[in-house]
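# Survey of secondary and tertiary structure
Listed below, chain by chain, are the residues.
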Amino acid sequence: MTAQTNRQFLLAKRPVGAATRETFSFQQVPVAEPGAGQIRVKNHYLSLDPAMRGWMNEGKSYIPPVGIGEVMRALGVGQVEASNHPGFAVGDYVNGALGVQDYFVGEPRGFYKVDPNLAPLPRYLSALGMTGMTAYFALLDVGAPKAGDTVVLSGAAGAVGSIAGQIAKIKGCRVIGIAGGQDKCKFLIEELGFDGAIDYKSEDVHAGLKRECPKGVDVYFDNVGGDILDAVLSRLNFKARVVICGAISQYNNKEAVKGPANYLSLLVNRARMEGFVVMDYAAQFAAAGQEMAGWIAQGKLKSKEDIVEGLETFPETLMKLFNGENFGKLVLKVD
Ligand SMILES: NC(=O)c1ccc[n+]([C@@H]2O[C@H](COP(=O)([O-])OP(=O)(O)OC[C@H]3O[C@@H](n4cnc5c(N)ncnc54)[C@H](OP(=O)(O)O)[C@@H]3O)[C@@H](O)[C@H]2O)c1
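Residues numbered from 1 in each chain as written. Predicted model: local features only at pLDDT ≥ 70, side-chain atom pairs only at ≥ 80, totals over all residues. Heavy atoms only, no water.

Within the structure, the ligand sits among 25 residues, and G180, K184, Y200, Y251 and N326 are positioned closest to it. For the ligand, the accessible surface in isolation is 910 Å², of which the surrounding protein chains cover 89%. Partitioned by chemical class, the residues of the shell around the ligand number 15 nonpolar, 9 polar and 1 charged. (Near = heavy atom within 4 Å. Areas by Shrake-Rupley, 256 points an atom, 1.4 Å probe, with all protein chains shown as cover. Nonpolar A, V, L, I, M, F, W, Y, C, P; charged D, E, K, R; others polar.)

Before going further, it helps to examine the packing of helix α5 (residues 205-212) against helix α6 (residues 226-233). Taken N-terminus to C-terminus, the directions of α5 and α6 make an angle of 40 degrees; their axes are 9 Å apart at the nearest point. In terms of axis orientation, α5 runs oblique to α6. Taken as a pair, α5 and α6 cross one another with a handedness that is right-handed. Along the contact surface, α5 presents V205, H206 and L209, while α6 presents I228, A231 and V232. Split into classes, the residues belonging to the contact of α5 with α6 amount to 5 nonpolar, 1 polar and no charged. (Axes fitted to C-alpha atoms, helices over the stretch in contact; angles between N-to-C directions. Helix = DSSP H or I, 4+ residues; strand = E, 2+ residues; numbered from the N terminus. Parallel < 35°, antiparallel > 145°, perpendicular 65-115°, else oblique. Left-handed = near helix turned anticlockwise from the far one by under 90°. Contact = heavy atoms within 4.5 Å.)

If you add up the space inside the second largest pocket, you get close to 450 Å³. Mapped by element, the contributors of at least two residues to the lining of the second largest pocket are β7 (112-114) and α8 (285-297). (1 Å grid on protein atoms, 1.4 Å probe; cavity = no way out; pocket = protein on both sides within 12 Å on 5 of 7 lines; lining within 4 Å. Points joined across faces, edges and corners; volume = space filled by probe spheres on them.)

Let us now look at the environment of A240. Looking at the secondary structure, you find A240 in strand β12 (residues 236-244). For the pair A240 and K42, spaced 198 residues apart in sequence, the C-alpha separation works out to 46 Å. Leave out the neighbours within four places in its chain, and A240 touches V217, D218, A271 and R272.

Bringing the packing of aromatic side chains into the picture now. Counted under the stated rule, the structure contains 11 aromatic pairs. Pairing Y136 with F137 gives two aromatic rings, centres 4.9 Å apart and planes at 70 degrees, and the pair type is edge-to-face. Comparing Y136 with F137 shows no difference in burial state: the two are buried. Judged by centre distance (5.4 Å) and plane angle (25 degrees), the ring pair of F276 and Y281 falls under stacked. Each member of the pair, F276 as well as Y281, carries the same accessibility label: buried. Three or more aromatic residues joined by ring pairs make a cluster, and in this case those are Y136, F137, F276, Y281, F285 and W295. Above the face of the W55 ring, R73 is positioned so that its terminal group lies 5.2 Å from the ring centre. Of note, K304 hangs over the ring of F327, and the distance from its end group to the ring centre comes to 4.4 Å. (Phe/Tyr/Trp six-rings, centres within 6.5 Å; stacked < 30°, edge-to-face > 60°. Buried < 20%, exposed > 50% of the residue type's maximum accessible area, 1.4 Å probe, protein only. Lys NZ or Arg CZ within 6 Å of the ring centre and 35° of its normal.)

F137, L153, I167, L188, F221, F276 and M292 are the most contacted members of the largest nonpolar core, which totals 47 residues. Elements supplying a minimum of two residues to this core: α2 (130-143), β8 (150-154), α3 (159-170), β9 (174-179), α4 (182-191), β11 (217-222) and α8. The biggest single contributor to this core is α2, with 7 residues. Taken domain by domain, the makeup of this core includes at least three residues from each of domain 1 (5-125 + 304-333) and domain 2 (130-279). With near-sequence residues (within four places) excluded, L153 lies in contact with G161, A164, G165, V175, I176, G177, I178, F194, Y220 and F221. In terms of nonpolar packing, the next biggest core, distinct from the first, is built from 31 residues, W55, I63, V66 and V94 among them. (Core = buried A, V, L, I, M, F, W, Y, C linked by side-chain atoms within 4.5 Å. Domains from an automatic or database assignment.)

We now examine α8. Its 13 residues give α8 an end-to-end C-alpha distance of 18 Å, which sits within 8% of 18 Å, the value for a rise of 1.5 Å per residue. When we look at burial in α8, the residues that qualify are F285, A288, G289, M292 and W295. When α8 is viewed along its axis, its buried side chains cluster within an angular range of 120 degrees and face the same direction. Turned more than 90 degrees away from the buried face of α8, the exposed residues are A286, A287, Q290 and A297. Contact partners of the buried residues in α8: α2 and α3. Two residues or fewer after α8 comes G299, characterised by a positive phi angle close to 75 degrees. (Expected span 1.5 Å × (residues − 1). Arc of directions from axis to C-beta.)

So, in structure tokens, the structure goes:
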């Protein structure tokens with residue numbers, strides 16, 4: 001690659017089931033000059049998110065789908081190289097929807113500046129980025145945990161789950177994580193201070209919940225949906241809150257999404273289940289980011305990033321999210 005070449009992954013077709021390398025086309029084009037009101041950013045790190053699979057689907061969602069032939073959408077951090085926009089100067093580091101490419105050229109809609117002297121750049125995609133904001137607002141606003149509550153999280157060793165679980169500990173809750181594999185479960189207890197863990201790949205989740213949550217579940221933070229959601233529904237307490245943050249077990253379904261069979265537990269327990277989209281809280285991100293940075297500085301919150309090198313690995317790296325190969329926030333280092 002020369003400095004003037006932009007490598008790009010475009011959405012070539014809408015996948016049925018899991019995305020593969022064939023879902024995307026790869027091209028190398030000259031780097032464009034920014035027009036009026038535009039900036040050019042050299043992309044350094046891209047955030048790989050389960051939501052990217054949803055953005056490939058046609059149909060109504062909380063955000064329009066990526067069009068066929070468009071650069072695949074991705075959040076990222078990079079440095080401004082050229083600017084025709086009054087809000088951004090050459091040399092600024094920015095966080096925004098940079099796309100799966102070496103350079104972003106366009107209007108910086110929704111972009112904001114980040115300071116590499118305050119935190120390493122990848123952290124602005126994990127605890128101090130959309131991931132951290134998701135954990136913070138989904139847990140605190142929708143889950144509304146009280147000290148002493150039992151909080152259960154699925155996808156607990158992942159980017160959002162690991163942060164949400166630590167925030168629940170900060171708030172004085174008993175925290176139980178559900179994750180795939182002994183290493184991840186050990187990490188939750190020994191490194192993050194969770195009170196217990198359930199390895200859904202090697203044990204029965206119902207039995208694990210009975211062991212770890214003898215007093216039932218007050219808050220369930222769901223990242224995976226499917227059978228695990230059903231299992232936790234069967235253990236809810238009176239007035240429990242179920243946060244529907246994600247349902248990764250369903251994203252690659254070739255048939256209809258499987259809904260919960262045990263939903264009448266909500267009726268019996270006068271409980272509620274509520275969906276969450278992080279963008280609704282954008283106006284409060286700055287204040288939450290400061291609180292999160294404070295917790296990190298005080299050693300109360302650990303942010304784990306799983307950094308994979310090389311833009312060219314994008315399709316295969318993305319798939320790590322769906323087979324549990326990532327350990328922490330999955331970040332693609334562009335070069
Ligand atoms: N609503 C919002 O605004 C919002 C914003 C950001 C993220 N999210 C959601 O939050 C969830 C977590 O995202 P993340 O970025 O933090 O990803 P992540 O948890 O770091 O990575 C995904 C993890 O999901 C687990 N997983 C994959 N397939 C599974 C299956 N079939 N059953 C059970 N677990 C499975 C794997 O962990 P194991 O090894 O433990 O299986 C994998 O490591 C996703 O559902 C995502 O869509 C929602």
